[in-house]
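# Structural characterization, general
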Amino acid sequence: MSTDNQPTAADETEGELEPEAEIDPAELQALRERVDELEESVAESDAADDGKKMTIVATQGTFDMAYPPLILGSTAAAFGWDVVVFHTFWGLDILHEENSKNLKLSAVGNPNMPVPNAIAAIPGMDRMATRMMEKRIDENGTATIEELIELSLESGVDLQACQMTIELMDYDEEDFYDGVTTGVGAATALQHMAESDIQLLV
């Protein structure tokens, strides 16, 4: 008589895997929708973190001071930033289609100009200094003010004209380049400044 243990029914089923629980299709669909919502929320959060804002207040309307706000604004817009350049007082002439073509470089009070103030104050010196700078810009292939305004607008920079200054200078809204935002007050500019990562006064 054999002494080997005969397998029992319990032994035969011990190594078998339990059948997988069935997944409710409705629950699976709900889970997929929830995952999609979370992924979309994360994507929006990342986009919000990357979207920087910058506000530049342009107050000076000389030839040389027209370049900084336009160069900085268009460059920031190229990085995808939300950029506003608020032009007020003499800075408004940068956006004035006619006046922007006649901006002058002031030779007086500029320590980097190789001309003493006594000579710089002579009538016609500002015009001469402006022509010298225009010649250098042309030779260097640097963009003109008009080209920078066009580039800024194409890049999505919001070039704003202070409404109070428009009225003060007796300008018409039609005097400005196409695409310039008019009718903007100080309160609107301050609101954007408060929301901006960078604020500059030029």
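Quick summary incoming for the structure in this document. Every chain's residues receive numbers from 1 upward, in the order its sequence appears when written. Reporting of local features is limited, given that this is a predicted model, to residues whose pLDDT is at least 70; pairs of side-chain atoms are given and counted only at 80 or more, and all residues count toward the totals for whole chains, interfaces and linings. Side-chain descriptors were evaluated using all non-hydrogen atoms of the structure, hydrogens and water having been removed beforehand.

## Some points on the pattern of salt bridges
Whenever a carboxyl oxygen of Asp or Glu lies within 4 Å of a side-chain nitrogen of Lys or Arg, that contact is scored as a salt bridge. Per the stated rule, a full pass over the model turns up four salt bridges. The partner of E37 in a salt bridge is R34, with the nearest N and O atoms 3.4 Å apart. One end of the pair, E37, and the other, R34, are both in helix α2 (residues 25-50), three residues apart, so they sit about a helical turn from each other. Residue exposure (1.4 Å probe, protein chains only): buried if accessible area is under 20% of the type maximum, exposed if over 50%, otherwise partly exposed. For E37, a relative accessible area of 47% puts it in the partly exposed group. Residue classification places R34 among the partly exposed residues on the basis of a relative accessible area of 45%. What counts as a helix is a DSSP run of H or I of at least four residues, what counts as a strand is a run of E of at least two, and both are numbered from the N terminus.

## Side note on unusual backbone geometry
Although it is not a glycine, F89 sits at a positive phi angle of roughly 50°. For F89, a relative accessible area of 39% gives the class partly exposed. In this structure, D170 takes a positive phi of about 60° despite not being glycine. On the secondary structure map, D170 appears in the loop between α7 (163-168) and β4 (181-184).

## What about a nonpolar patch on the surface?
Patches were defined on residues exceeding 30% relative accessible area and lacking a salt bridge, with like-charge contacts within 9 Å and nonpolar side-chain contacts (Val, Leu, Ile, Met, Phe, Trp, Tyr) within 5 Å. Accessibility throughout is a Shrake-Rupley quantity obtained with a 1.4 Å probe, and a residue counts as covered only by protein chains that appear here. Among the surface-exposed residues, I23, L28, L31 and V35 lie close enough to one another that they form a single nonpolar patch of about 350 Å² accessible area. Along the chain, L28 falls in helix α2. On the basis of relative accessibility, which here comes to 30%, the residue L28 falls in the partly exposed class.

## Notes on the packing of helix α3 (residues 67-78) against helix α6 (residues 145-154)
Note on geometry: axes are lines fitted to C-alpha atoms, helical ones only across the stretch in contact, with angles between N-to-C directions running from 0 to 180 degrees. One way to put it is that α3 packs onto α6 with a least axis distance of 9 Å and a crossing angle of 30°. Here α3 is positioned roughly parallel relative to α6, judged by the angle of their axes. Note on packing geometry: the crossing formed by α3 with α6 is left-handed. Across from Y67, L70, I71 and S74 in α3, the residues of α6 making contact are I145, L148, I149, L151 and S152. Following the grouping adopted for this structure description, the nonpolar residues are Ala, Val, Leu, Ile, Met, Phe, Trp, Tyr, Cys and Pro, the charged ones are Asp, Glu, Lys and Arg, and the polar ones are all others, Gly among them. A class-by-class count of the residues in the contact of α3 with α6 yields seven nonpolar, two polar and no charged. Each angle gets one of four labels, with under 35 degrees taken as roughly parallel, over 145 as roughly antiparallel, 65 to 115 as roughly perpendicular, and the rest as oblique. Should the near helix be turned anticlockwise from the far one by less than a right angle, the crossing is termed left-handed; should it be turned clockwise, right-handed. Here a residue-residue contact requires only that any non-hydrogen atoms of the pair lie within 4.5 Å.

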